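Summary of structural features
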Amino acid sequence: SLTMEVQKFFGVRDYAGKTTSVAAEFEGILDCMEQVHQLQLSFSRPVREERLSVVVNAHQQALDDATRQLVAKLNELCR
């Protein structure tokens, strides 16, 4: 079984109020093969332009990175 919790999922702004990057962090517990594992996934992505579609795309890329890392961890720990 897998339990995941979103710890962070937000845009980081500079002193002028411009979004410069996004951050995503997830924590969880994986119960697999009669062992319990703590998981922590953390990612950030730069935001190249202050437009909603660009910020949303950076969030999606960070989420995609986290998903890929989660799948890799599942393959590693639950063989």
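The model shown is predicted, which means the values in this text are computed figures rather than measured ones.

**Structural notes on the state of the cysteines**
As enumerated under the stated definition, the model contains 1 disulfide in all. At a sulfur-sulfur separation of 2.0 Å, the disulfide partner of Cys-32 is Cys-78. In this pair, Cys-32 is assigned in strand β2 (residues 19–32) and Cys-78 in the segment after α1 (52–77), connecting sequence segments 46 residues apart.

**Describing the nonpolar core**
With 15 residues, the main nonpolar core has Val-22, Phe-26, Leu-41, Phe-43, Val-47, Ala-62 and Ala-66 as its most contacted residues. Where this core is concerned, the elements lending two or more residues are β2, β3 (35–46) and α1. Sort the elements by how many residues they give to this core and α1 lands first, with 6 residues. Residues within four places of Phe-43 in sequence aside, it is in contact with Val-22, Ala-23, Ala-24, Ala-62, Asp-65, Ala-66 and Gln-69.

**Regarding unusual backbone geometry**
The phi angle at Met-33 is positive, at roughly 55°, despite the residue not being glycine. Within the secondary structure, Met-33 sits in the loop between β2 and β3. For Met-33, a relative accessible area of 53% puts it in the exposed group.

**Overview of the pairing of β3**
The pairing of β2 with β3 spans 12 bridges and is classified as antiparallel. Following the sheet pairing, Cys-32 is matched in β3 by Gln-35. Linking two consecutive strands that pair antiparallel, namely β2 and β3, is a turn of 2 residues; a positive phi of about 55° is found at Met-33 within it.

**Some points on the side chain of Thr-19**
Within the secondary structure layout, Thr-19 lies in strand β2. For Thr-19, a relative accessible area of 5% translates into the label buried. Dropping the residues within four chain positions of it, Thr-19 is found in contact with Gly-11, Val-12, Arg-13, Val-47, Glu-50 and Val-55.

Procedures and definitions
- Each chain carries its own residue numbering, running from 1 in the written order of its sequence.
- This being a predicted model, a pLDDT of at least 70 is required before a residue's local features are given, and a value of 80 or more before pairs of side-chain atoms are given or counted; all residues contribute to the totals for chains, interfaces and linings.
- Water and hydrogen atoms were dropped before computing side-chain values, which therefore reflect all heavy atoms in the structure.
- By definition, disulfides here are pairs of cysteine sulfur atoms that lie within 2.5 Å.
- The numbering of helices and of strands both runs from the N terminus, where a helix is a DSSP run of H or I of at least 4 residues and a strand a run of E of at least 2.
- Only buried residues count toward a nonpolar core. Its members are Ala, Val, Leu, Ile, Met, Phe, Trp, Tyr and Cys residues joined through side-chain atoms within 4.5 Å.
- Burial here depends on accessible area, computed with a 1.4 Å probe over protein chains only, as a share of the maximum for the residue type. Under 20% is buried, over 50% is exposed, and the range in between is partly exposed.
- Residues are treated as being in contact if the distance between any of their heavy atoms lies within 4.5 Å.
- Whether two strands pair depends on DSSP finding at least two bridges between them.

So, to be careful, I would describe these as geometric facts and stop short of saying anything about function.
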